[in-house]
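A closer look at the structure
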Amino acid sequence: MNLIIGSHVSFNNKEQLLGSVKEALSYNANTFMIYTGSTQSTSRSTINDEFTYEAYKLMLENNIDSNNVIVHAPYIINLANRKDEDKYLFYCDFLANELDRCKSLGLNKIVLHPGSATTCSKEEAIKNIIDGINYVYNKTTDTMILLEFMAGKGTEVGTSIDEIKCIIDGIDDKNRIGVCLDTCHMNDSGIDISKFNEFLDEFDSKIGISKIKCIHLNDSLNNIGFHKDRHANIGYGTIGFDNLLEVVYNDRLDVPYILETPYVNRNTNESFAPYKYEIESIRNKKFIDFKEKYEK
Ligand code: FE
Ligand code: FE
Ligand code: ZN
């Protein structure tokens, strides 16, 4: 089995995708995930094709397959609410624009948080999300949206196999819709990751396992079913190193695994990304206690 593993990395104005590839390589990753701009705003830089070209050259040299590279849509997009039609359409158009940006970067998958039903029922929210995605697909080509499995914090939609299935059932272009699991979100939604195969059985019978296109690999700071969504470093949370290894080395899946775990010494001027250590520990199936060594 060829392990495809990486983390979220930055995509900044200095070198755009080229900088992202360099950062991923510094963690010994063979894939990565980016946001093409701020997660909390809609301002976007123009894609510089020179950087993209150089990035692909570097990816080719290092066996990074662009089909495994994932984009994440900004958090501010919320297709669940439609009380303010202008705002809803603004988010739809912005998402369509993000899909086009993926295309110009040569990337074909974008992860989307389905949304939070803050002004309506979950049933209405699911309808709004379906309509929004179908609208976006009518304006774009190729890029596939991966619905992220959510923790169920607040009024989040997409916190169970059944809710995700409801959304997928309403999408016209089934070839362009997939799912991104997130082990922290699953745990927090009430799923016992130590029984991951049982989850896959249910997913397979209701949606089809081939719809799983990416897994966010995170430990969780909270117990099963707490609906919190606070990520922990691999092996430092309630899911635990061994259970996460079982997910990564499950032979029913052949998908990229993306770490979104917190930085070491976060919010200090000595903060750094843990991904090099986490990737090494997963590859060697041997836990590395980097926190003991470096956390202040
Ligand atoms: Fe996410
Ligand atoms: Fe995630
Ligand atoms: Zn999360």
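Residues numbered from 1 in each chain as written. Chains lettered and ligands numbered in written order. Predicted model: local features only at pLDDT ≥ 70, side-chain atom pairs only at ≥ 80, totals over all residues. Heavy atoms only, no water.

What follows concerns the coordination of the zinc ion (ligand 3). Distances from the zinc ion (ligand 3) to its protein donors, His-185 (NE2), Asp-229 (OD) and His-231 (NE2), fall within 2.0 to 2.3 Å. Each donor residue of the zinc ion (ligand 3) belongs to the same chain, with the gaps between them written as H-x43-D-x1-H. The metal-metal distance between the zinc ion (ligand 3) and the iron ion (ligand 1) is 5.3 Å. We classify Asp-229 as buried; its relative accessible area is 17%. (Donors = N, O, S within 2.8 Å, 3.2 Å for Na, K, Ca; no water. Buried < 20%, exposed > 50% of the residue type's maximum accessible area, 1.4 Å probe, protein only.)

What follows is about the state of the cysteines. For the structure on display, the rule yields 0 disulfides. Not engaged in a disulfide, the cysteine Cys-120 finds its nearest cysteine sulfur in Cys-92; these two sulfurs lie 13 Å apart. Cys-180 carries a free sulfur, and the closest cysteine sulfur to it, the one in Cys-214, is 3.9 Å from it. (Disulfide = S-S within 2.5 Å.)

Quick look at the packing of aromatic side chains now. Each aromatic ring pair is characterised by the separation of its centres together with the angle its planes make. Tallying each qualifying case throughout the model produces 13 aromatic pairs. The interplanar angle of 65 degrees and the centroid separation of 5.6 Å between the aromatic rings of Phe-241 and Phe-287 together place this pair among those described as edge-to-face. A residue pair is termed long-range when its members are at least 10 positions apart, and Phe-241 in helix α8 (residues 241-248) and Phe-287 in the loop between α9 (275-283) and α10 (290-294) qualify at 46 residues. Taking the centre distance of 5.5 Å and the plane angle of 40 degrees together, the rings of Tyr-277 and Tyr-294 count as tilted. One end of the pair, Tyr-277, is in helix α9; the other, Tyr-294, is in helix α10, with 17 residues separating them in the sequence. In textbook terms, an aromatic cluster arises when at least three aromatic residues are bridged by ring pairs, as seen for Tyr-236, Phe-241, Phe-272, Tyr-277, Phe-287, Phe-290 and Tyr-294. Sitting over the ring of Tyr-277, Lys-276 keeps its end group 5.9 Å from the ring centre. (Phe/Tyr/Trp six-rings, centres within 6.5 Å; stacked < 30°, edge-to-face > 60°. Helix = DSSP H or I, 4+ residues; strand = E, 2+ residues; numbered from the N terminus. Lys NZ or Arg CZ within 6 Å of the ring centre and 35° of its normal.)

Across the chain, pLDDT averages 97, with 100% of residues at or above 70. Element-level mean pLDDT values for the chain span from 92 in α10 up to 99 in strand β10 (residues 257-259). (pLDDT = per-residue confidence, 0-100.)

Time to look at the pairing of strand β6 (residues 177-182). Of all 6 residues making up β6, 6 are buried, and the element is well covered by its neighbours. Neither face of β6 is left uncovered, since the one carrying Ile-177, Val-179 and Leu-181 and the one carrying Gly-178, Cys-180 and Asp-182 both have all their residues buried. Here strand β5 (residues 144-148) runs beside β6; their pairing, made up of 4 bridges, is parallel. Of the residues in β6, the one forming a bridge with Leu-146 is Gly-178. Between the parallel elements β5 and β6, the chain passes through helix α5 (residues 161-170) in a crossover that is right-handed. Note that β6 and strand β7 (residues 212-217) share 4 bridges and pair parallel. Following the sheet pairing, Leu-181 is matched in β7 by Ile-215. (Pairing = 2+ DSSP bridges. Right-handed = clockwise from strand over helix to strand, strands pointing away.)

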